[in-house]
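# Examination of the molecular architecture
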Amino acid sequence: MEKNERSTHIPGKEKEVDIINIKGIEDIGYVQPDSILLNSLTPEENTQCQHGLYFQDGEKRVDYILTYHIKKPSSSRSNRQSSLFTDNAFTRSFRRGTARLGRPPPPQPRGDPEVASQDHSMDYHEDDKRFRREEFEGNLRDMGLELEKDEDTKTPGVGFVKIHAPWHVLCREAEFMKLKMPTKKVYEVKQCSGVGAKINTLVNKATEPLHPNVEENRAQNVKHLSYAFSREKQHLFDLSDRDSFFDSKTRASIVFEVLKRTKCTKAKYSMGITSLLGSGVYTAAYPLHDGDVDGENVEPNDRKLLYEEWASYSVFYKYQPIGLVRKYFGEKIGLYFAWLGLYTQMLIPASLVGVIVFLYGCATVDNNIPSMEICHPRNNITMCPLCDRACNYWKLKEACGTARASHLFDNPATVFFSIFMALWAAMFMEHWKRRQMRLNYEWDLTGFEEEEEELKDHPRAEYELCVMQKSLKKEHKTQKPTEIAEEPTNKWKQTVQSAMAGLKLTEKEKLTCRDRLPAYMTNIVMMLLMIGVTFAIVFGVILYRISITAALHMSNNPTTRSNVRLMVKTTAAIINLVVILILDEVYGAVARWLTVLEVPKTDKSFEERLIFKTFILKFVNAFTPIIYIAFFRGRLVGRPGSYLYVFESYRLEECAHGGCLMELCIQLSITMLGKQLIQNNLFEIGIPKLKKLIRYIKSKRRSFQEEEREKKLQRYETDHFLEPFAGLTPEYMEMIIQFGFVTLFVASFPLAPLFALLNNIIEIRLDAKKFVAELRRPVAARAKDIGIWYNLLRGVAKVAVIINAFVISFTSDFIPRLVYQYMYSPDGSMHGFVNHTMSYFNVSDFQDGKEPMDPQHLGYQVEMCRYKDYREPPWSNTPYVVSKEFWAVLAARLAFVIVFQNVVMLMSDIVDWLIPDIPKDISLQIHKEKILMVELFMKEEQGKMQFIDSMTPCHGKERNNHAPIARSRSIPHTHSHTHANNF
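As the structure is a computational prediction, the values presented were derived from the model and not from experiment.

Check the secondary structure of the chain and you find 34 helices and 15 strands. The buried share among the 983 residues of the chain stands at 49%. In the chain, the proportion of contacts linking residues at least 24 apart, taken out of those at least 6 apart, comes to 81%.

Following this line, the structure appears as structure tokens:
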């Protein structure tokens, strides 16, 4: 298709109208607006726009880009198409004239019927899209935007529409969006005095090497008073340099707001930019990056500065330039990295305490009496078999290594660490609220609630699509039979009427709960099914452990038989990790599909529903195997002679003598490290590079030409090959899951904060590099908090208190040791604790076929074996019944859970109460800003009154007539008001 076409051929065959194809546009009288098609500039022609940041004139900056697919004609059809396009305008007008006179249109040239039918259909769809683009772009021009097209690029099959917002459009939209801009008025930011000032000075000097070398990160003693932009009060703002008053981030967000408001209304139904993107009329929409990040003769820009001072691994020890991140990417992304940075900083004390707890366990392992008794050479306790038939009797001292390793994580210090981490989580949440308020003050986001509510009203493309379908069905049902039977010559009248009424019809319609009921039912069923799949896979891993344990015990290799538990634990944990990684990707896709089925109206509603579903599925997926080991394994196994079986052949697993805490630690460490190394890091590095490579291959750019052609690409072409920004949900989600690993089972794995800290140091720079160099620049979004993620964090922190209470009470031996020491120990020590926790079993009470195949494995006939439980011995009146010691330990465990939970939560609430949400200095500065703003307007009003009074003696009777003139004179740049009616 040639680039300079003014119109195209419309197939003569009538097609039914649907939401994608447009019928009868020519009959409505639609005239294609003029469009400018430009060739790419060479560097020699204009140095200012050689990278595609400006229009052809080199003065108008490109604020936004729309891309669309260009259909290249094939050689077999080029002659036919050119003959159709050369006289298209004449033939179209001729057909309209003959239609009015009731004459049939002239016959079209005939060719191969099959090829002609395919070409007709393809041309029709392409023409539909082109007509919609032309109408949409014409509406954008009516809104005041300036457009420039470029179809002759080095990116085959892609056309680019460059959009520029002139000054009057920026002023108008900034006023509508209530953007706060800095005024000429500056005031001094109050600094601390006395001891606090000296401490701050010392801290700043000590941390000076840790600050990035950017202006936005340095503390400012003065601050500009900000006020919502108003065209009537332009004299309040410093407009000496209009090119820099609205930065590139703000200009792009303003253009995006105009794009969201602009509609195509000449089709049967109204369509906005989201619908046009969804239907393929446009393939992408994105703002441009400021420039390149590396290479020779690269001009300084914010992107390059971010790449050097933020996205480089060489500056991992420095603070993030959050101010510059916000300036370039907007408040929403700035808040994410500010939260991630604070979370990483707070992990430092948690990691130090965790390492101290672990070292305490290492230092006291040789003095731990229970493990010393187990490992004693004279220990001659014979234990019952761990499985039926294949397993033999074994000596308790064989569990020496497991018992010593369990003490590293199961010691009195872990209880202290659990309390510490609960208070740490509360302090982290409070610290973030204070940090968030400080950022709101520095970024002029105070009083943002009303603006945020207004930004929620833009409907999504899918919602508009479903409303259109609903309106179409309703209109079709209510259509009269006489209207359907009308002559084809009157169809243009129906099209005009439907086009005029389409917008009102879709605006009145909305999706009700009844419309969404099938989607809601599908959501419930699919969520339960996915959770059931997770449970089934965990159950499958349990069967794997049981089967492999029995098989390895039958091995002839003594080394294999002696390391059965370690091998089974490790391989099962790796299998769980692989399954978790696979299901994470599956559940993410399922959650998005289920959210799309619900058809939420706004992007905010869509995001919140997607976050909730994804969090539920991924949380269950990550923590179900861990919860099984912590609270269910070894609890319902029965006893020798009366074990519980699954499918009548698989005996449920038992914990090692040292308890299940060691197995829980292995599962936690492998899952956490595996997710962080494989999913969070390798996937984030590899997948974007792989997608970028695929896009290059699709564009037929060979590897040996890549470097040479990369230098010649315009900025908007280079950004086109970058990965589209998919939102912050994946970034937040992986950190929330990590926060769960750090807090939920920290009693069993004190090193979790250390591993999280090491991961986050890399994660910050990895995410920074991805945002700066791998992703298209996202549209800046304003936000004053992190939204639903804060509620999820608080929920995880509250649940962590309860789970840690149960881990300490039921999974570890902390409570049984206390009960024995203070109730049953003859001398108040731990001597005899191991013998106290084990019961006796008479081997003659084994069920038939369940006894060991080699009863002489230990070299003698075994009559009594021991197992870990609180039960009566076989010689008592009630053999194998739970003993009174069991009930005493159970009561102590439940009491500990209640006391621990209430005490820790009370302490957390005290921390919340003691730490104010708003720092005192920020509260004073906000109050000072309000007073200064009132004073500023009072002075302005007094100046107006004085001016009016000075005019009164000369023109007393005409005072009322001169007042508006005086008001207008006080406002510079009044020429912008001439464009007020453009909206």
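Once you've had a look at it, read on.
Let's shift gears to the state of the cysteines. The tally for this structure, following the rule as stated, stands at three disulfides. Bridging Cys375 to Cys400, the disulfide has an S-S length of 1.8 Å. Its S-S torsion of about 105° marks the bond between Cys375 and Cys400 as right-handed, since a negative value means left-handed. Placement of the pair is Cys375 in helix α13 (residues 369-375) and Cys400 in helix α14 (residues 400-409), with a sequence separation of 25 residues. The disulfide partner of Cys387 is Cys391, and the gap between their sulfur atoms is 1.6 Å.

Glancing now at the pairing of strand β3 (residues 146-152). The element β3 is largely enclosed, with a buried count of five among its seven residues. Across five bridges, β3 lies against strand β4 (residues 158-164) in antiparallel orientation. Bridge pairing in β4 links Asp150 to Phe160. Here β3 folds back onto β4 in antiparallel fashion, the turn holding five residues, of which Gly157 has a positive phi close to 80°.

A full pass over the atoms with the stated rule returns 36 salt bridges. With its nearest N and O atoms 3.5 Å apart, the salt bridge here joins Arg61 to Asp290. With Arg61 in the loop between β1 (37-39) and β2 (64-69) and Asp290 in the loop between β7 (284-286) and α10 (302-309), the pair connects residues that are 229 residues apart, well separated along the chain. For Asp290, a relative accessible area of 14% puts it in the buried group. With its nearest N and O atoms 3.7 Å apart, the salt bridge here joins Lys604 to Glu608. One end of the pair is Lys604 and the other is Glu608, both in helix α23 (residues 603-631) and four residues apart, which spans about a single turn. Lys604 sits in the partly exposed class, given a relative accessible area of 31%. Among the residues examined, Glu608 registers a relative accessible area of 33% and is labelled partly exposed.

Turning next to α14. Residues lying three or four places apart along an α-helix face the same way, a consequence of the helix completing one turn every 3.6 residues. Where burial is concerned, most of α14 is hidden: seven out of the 10 residues are buried. By the burial criterion, the buried members of α14 are Cys400, Ala403, Ala405, Ser406, His407, Leu408 and Phe409.

What follows is about the packing of aromatic side chains. Inspection of every chain in the model, using the stated rule, returns 48 aromatic pairs. The interplanar angle of 15° and the centroid separation of 5.0 Å between the aromatic rings of Tyr732 and Trp789 together place this pair among those described as stacked. Pair noted here: Tyr732 is in helix α27 (residues 729-743) and Trp789 is in helix α29 (residues 788-811), with a separation of 57 residues, a long-range link. Plain terms: the ring middles of Phe841 and Tyr880 are 5.5 Å apart, the flat faces sit at 40° to each other, and that makes the pair tilted. Of this pair, Phe841 sits in strand β14 (residues 838-842) while Tyr880 sits in the loop between β15 (864-868) and α32 (884-914), and the two are 39 residues apart along the sequence. Judged by its relative accessible area of 0%, Phe841 falls in the buried class. The ring of Tyr645 is capped by Lys850, whose NZ or CZ atom sits 4.4 Å from the centre of that ring.

Turning to empty space enclosed by the protein, a few remarks are in order. For the structure shown, the criterion picks out 12 cavities of 30 Å³ or more. Space inside the second largest cavity adds up to approximately 120 Å³. In this structure, the second largest cavity is lined by Ala422, Ala425, Ala426, Met429, Arg794, Ala797, Lys798, Val801, Met905, Ser908 and Asp912. Counting residues per element, the ones that place at least two in the lining of the second largest cavity are α15 (412-442), α29 and α32. Classifying every residue of the lining of the second largest cavity by side-chain character gives seven nonpolar, one polar and three charged. Domain assignment of the residues forming the lining of the second largest cavity places at least three in each of domain 2 (319-459 + 512-698 + 725-815) and domain 3 (816-912).

The subject of this paragraph is the side chain of Glu929. By the element assignment, Glu929 lies in helix α33 (residues 920-951). Residue Glu929 is classed as buried on the basis of its relative accessible area, which comes to 12%. If near-sequence neighbours (up to four positions away) are discounted, Glu929 is found in contact with Tyr187, Lys223, Leu225 and Tyr441.

Attention shifts here to the environment of Leu858. Relative to the assigned elements, Leu858 resides in the loop between β14 and β15. Owing to a relative accessible area of 23%, Leu858 belongs among the partly exposed residues under this scheme. Distance in space between the C-alpha atoms of Leu858 and Trp394 is 7.4 Å, their sequence separation being 464 residues.

What follows covers the UniProt feature "transmembrane region" (unreviewed entry) in the chain. Per the UniProt record, "transmembrane region" (unreviewed entry) is found at residues 336-360, 413-429, 524-546, 566-590, 610-631 and 735-758. For residues 413-429, the helix share is 100%, the strand share is 0%, and the end-to-end C-alpha distance is 24 Å. Segment residues 524-546 splits into 100% helix and 0% strand. End C-alpha atoms: 33 Å apart.

With that settled, the discussion passes to the nonpolar core. Generally speaking, soluble globular proteins have nonpolar side chains that are buried together. Ranked by size, the top nonpolar core spans 106 residues in total, and within it Trp339, Tyr343, Trp424 and Phe745 carry the most contacts. With 15 residues, the top contributor of residues to this core is helix α12 (residues 331-364). There are two domains that each give this core at least three residues, and those are domain 2 (319-459 + 512-698 + 725-815) and domain 3 (816-912). In contact with Trp424, not counting residues within four places along its chain, are Tyr343, Met346, Leu347, Ala350, Phe739, Val742 and Thr743. Trp167, Val169, Leu170 and Val189 belong to the second largest nonpolar core, which has 47 residues in total.

On to the side chain of Lys223, then. Turning to its location among the elements, Lys223 is positioned in strand β6 (residues 222-228). Here Lys223 falls in the buried class, since its relative accessible area comes to 13%. Residue contacts for Lys223: discarding those within four places in its chain leaves Lys185, Val186, Tyr187, Val189, Tyr441, Glu442, Asp444 and Glu929.

With that out of the way, let us pick up unusual backbone geometry. A positive phi angle is found at Asp444, which is not glycine, with a value near 60°. By the secondary structure assignment, Asp444 is in the loop between α15 and α16 (449-454). Classification of Asp444 as buried rests on a relative accessible area of 19%. The backbone of Tyr880 shows a phi angle near 65°, a positive value even though the residue is not glycine.

Turning our attention to the environment of Val897. Inspection of the secondary structure puts Val897 in helix α32. Separated by 87 residues in the primary sequence, Val897 and Phe810 place their C-alpha atoms 9.3 Å from one another. Apart from residues no more than four positions distant in its own chain, Val897 is found in contact with Ala805, Phe806, Ser809 and Phe810.

It is worth spelling out the packing of α15 against α29 at this point. Relative orientation of the contacting elements α15 and α29 amounts to 170°, with a least axis distance of 10 Å. Here α29 runs roughly antiparallel to α15, going by the angle between their axes. Counted together, Val415, Ser418, Ala422, Ala425, Met429, Trp432 and Lys433 of α15 and Tyr790, Leu793, Arg794, Ala797, Val801, Asn804 and Ile808 of α29 form the full contact between these two elements. Here the residues of the contact of α15 with α29 sort into 10 nonpolar, two polar and two charged.

Turning next to the packing of α23 against α27. Between two packed helices, what matters for the description is the angle formed by their axes and the separation of those axes. The interhelical angle for the contact between α23 and α27, taken along N-to-C directions, is 35°, at an axis separation of 10 Å. The handedness of the crossing between α23 and α27 comes out as right-handed. Within the contact between the two elements, α23 uses Glu607, Ile611, Thr614, Phe615, Lys618, Phe619, Ala622, Phe623 and Ile626 and α27 uses Thr729, Met733, Ile736, Ile737, Gly740 and Phe741. When its residues are assigned to classes, the contact of α23 with α27 shows 10 nonpolar, three polar and two charged.

For Val646, the location among the structural elements is in strand β12 (residues 645-646). In this structure, Val646 is in contact with Phe539, Leu543 and Leu652, ignoring residues within four places of it in sequence.

Turning our attention to the confidence of the model for the chain. On average, residues of the chain score 77 in pLDDT, and 77% of them reach the 70 mark or higher. Highest mean pLDDT in the chain belongs to α12 (93); lowest belongs to helix α1 (residues 25-28) (32). Contacts from residues 1-48, a stretch scored under 50 in pLDDT, to residues over four places away or in other chains number 118 contacts. Segment residues 482-506 is flagged for pLDDT under 50; beyond a separation of four residues in sequence, or across chains, it makes 28 contacts in the model.

Cut-off values and rules
- Residues numbered from 1 in each chain as written.
- Predicted model: local features only at pLDDT ≥ 70, side-chain atom pairs only at ≥ 80, totals over all residues.
- Heavy atoms only, no water.
- Helix = DSSP H or I, 4+ residues; strand = E, 2+ residues; numbered from the N terminus.
- Buried < 20%, exposed > 50% of the residue type's maximum accessible area, 1.4 Å probe, protein only.
- Contact = heavy atoms within 4.5 Å.
- Disulfide = S-S within 2.5 Å.
- Pairing = 2+ DSSP bridges.
- Salt bridge = Lys/Arg side-chain N within 4 Å of Asp/Glu carboxyl O.
- Phe/Tyr/Trp six-rings, centres within 6.5 Å; stacked < 30°, edge-to-face > 60°.
- Lys NZ or Arg CZ within 6 Å of the ring centre and 35° of its normal.
- 1 Å grid on protein atoms, 1.4 Å probe; cavity = no way out; pocket = protein on both sides within 12 Å on 5 of 7 lines; lining within 4 Å.
- Points joined across faces, edges and corners; volume = space filled by probe spheres on them.
- Nonpolar A, V, L, I, M, F, W, Y, C, P; charged D, E, K, R; others polar.
- Domains from an automatic or database assignment.
- UniProt positions renumbered as here; feature names shortened; annotations may be inferred.
- Core = buried A, V, L, I, M, F, W, Y, C linked by side-chain atoms within 4.5 Å.
- Axes fitted to C-alpha atoms, helices over the stretch in contact; angles between N-to-C directions.
- Parallel < 35°, antiparallel > 145°, perpendicular 65-115°, else oblique.
- Left-handed = near helix turned anticlockwise from the far one by under 90°.
- pLDDT = per-residue confidence, 0-100.

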